[in-house]
Amino acid sequence: MPKTEAELAKWMQDNCFNFDHYSIGSNPIPEGFGMEQSGGIFFWYYTEKGEEHNLKAFPDEASIVEYAFNAIRSDPWANAHCICATENESMVKELAQNLTAMNIEFKEDVIPYFGKERPVYRIFVFGCDHLRTFI
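Every chain is numbered on its own, with residues counted from 1 as its sequence reads. Since the coordinates come from a predicted model, pLDDT governs what is reported: local features require at least 70, and pairs of side-chain atoms require 80 or more to be given and counted, while whole-chain, interface and lining totals use all residues. Side-chain metrics in this entry use all non-hydrogen atoms of the structure; hydrogen atoms and water are not considered.

**Digging into the nonpolar core**
Alright, step 1. The biggest cluster of nonpolar side chains holds 17 residues, and the ones touching the most others in it are Leu-8, Met-12, Ile-24, Met-35, Trp-44 and Ile-72.
Alright, step 2. Counting from the N terminus, the helices are the DSSP runs of H or I reaching at least four residues and the strands are the DSSP runs of E reaching at least two. Looking at this core, the elements that each hand over two or more residues are helix H1 (5–14), strand S3 (41–48) and helix H2 (61–74).
Alright, step 3. With five residues, H2 is the single largest residue contributor to this core.
Alright, step 4. If sequence neighbours within four positions are ignored, Leu-8 has contacts with Pro-2, Ile-24, Met-35, Val-65, Ala-68, Phe-69 and Ile-72.
Alright, step 5. Val-92, Leu-99, Ile-104 and Tyr-121 belong to the second-largest nonpolar core, a separate cluster that totals nine residues. Definition used in this section: a nonpolar core is a set of buried Ala, Val, Leu, Ile, Met, Phe, Trp, Tyr and Cys residues joined via side-chain atoms within 4.5 Å. Classification of residues uses two cut-offs on accessible area relative to the type maximum, computed with a 1.4 Å probe and protein chains only: under 20% is buried, over 50% is exposed, and between them is partly exposed. Residue contacts are defined here by distance: any two heavy atoms, one from each residue, within 4.5 Å place the two residues in contact.

**Section: the state of the cysteines**
Alright, step 1. What counts as a disulfide here is a pair of cysteine sulfur atoms lying within 2.5 Å. Counted by the stated rule, this structure contains one disulfide.
Alright, step 2. Summary of cysteine pairing: Cys-82 is not part of a disulfide, and the nearest cysteine sulfur, belonging to Cys-84, is at 7.0 Å.
Alright, step 3. Judged by relative accessible area, Cys-82 falls into the partly exposed class, the value being 42%.
Alright, step 4. For Cys-84, a relative accessible area of 10% puts it in the buried group.

**Focus on the environment of Ala-80**
Alright, step 1. For Ala-80, the position within the fold is in strand S5 (residues 80–86).
Alright, step 2. Classification of Ala-80 by relative accessible area gives buried; the value is 6%.
Alright, step 3. Sequence spacing of Ala-80 and Lys-107 is 27 residues, and the spatial spacing of their C-alpha atoms is 9.2 Å.

**Concerning the packing of H1 against H2**
Axis angle and axis distance: for two packed helices, these are the angle between their axes and the distance between the axes, and together they describe the pair.
Alright, step 1. Here, axes are lines fitted to C-alpha atoms. For helices the fit covers the stretch in contact, and angles between N-to-C directions go from 0 to 180 degrees. Between H1 and H2, the shortest axis-to-axis distance is 9 Å and the interhelical angle comes to 20°. With respect to their mutual orientation, H1 and H2 come out roughly parallel. The element H1 and its partner H2 pack so that their crossing is right-handed. Across the interface between the two elements, Glu-5, Leu-8, Trp-11 and Met-12 of H1 pack against Glu-61, Val-65, Ala-68, Phe-69, Ile-72 and Arg-73 of H2.
Alright, step 2. Classification used: nonpolar for Ala, Val, Leu, Ile, Met, Phe, Trp, Tyr, Cys and Pro, charged for Asp, Glu, Lys and Arg, polar for all others including Gly. Partitioning the contact of H1 with H2 into residue classes produces seven nonpolar, no polar and three charged. For classification purposes, angles smaller than 35 degrees are called roughly parallel, those larger than 145 roughly antiparallel, those between 65 and 115 roughly perpendicular, and all remaining angles oblique. We call a crossing left-handed when the near helix sits turned anticlockwise from the far one by less than a right angle, and right-handed when that turn is clockwise.

Fair warning: the whole summary comes from geometry, so function is off the table for now.
Listed below in structure tokens is the structure:
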């Protein structure tokens, strides 16, 4: 288990976790969870729309790192990588077939990104499998 924020960031990187919604190691995020220190206290916070809310305080780095490690590891989307977002439904179907043939776990969804009449089809892969999709 990581003991420092730097070790946690390295664990995330080594295991292909996504930093898009986790500010670990000082990477900026527009929305999500993060760690910061102020006055000798460590805070686990959530930020959204430019507003940061402290959720929990910890007396030392090891305590917050343990909490963050468990939170990140238990988040099913923390290691998700969107490899496709398109209006082209047939493209997504073909990609899904290719991923299945490669034995890569994936999830699909459809969102009304451009409105209900113009949905966007997305595919997510998990962990380091996103590196295999560009071969």
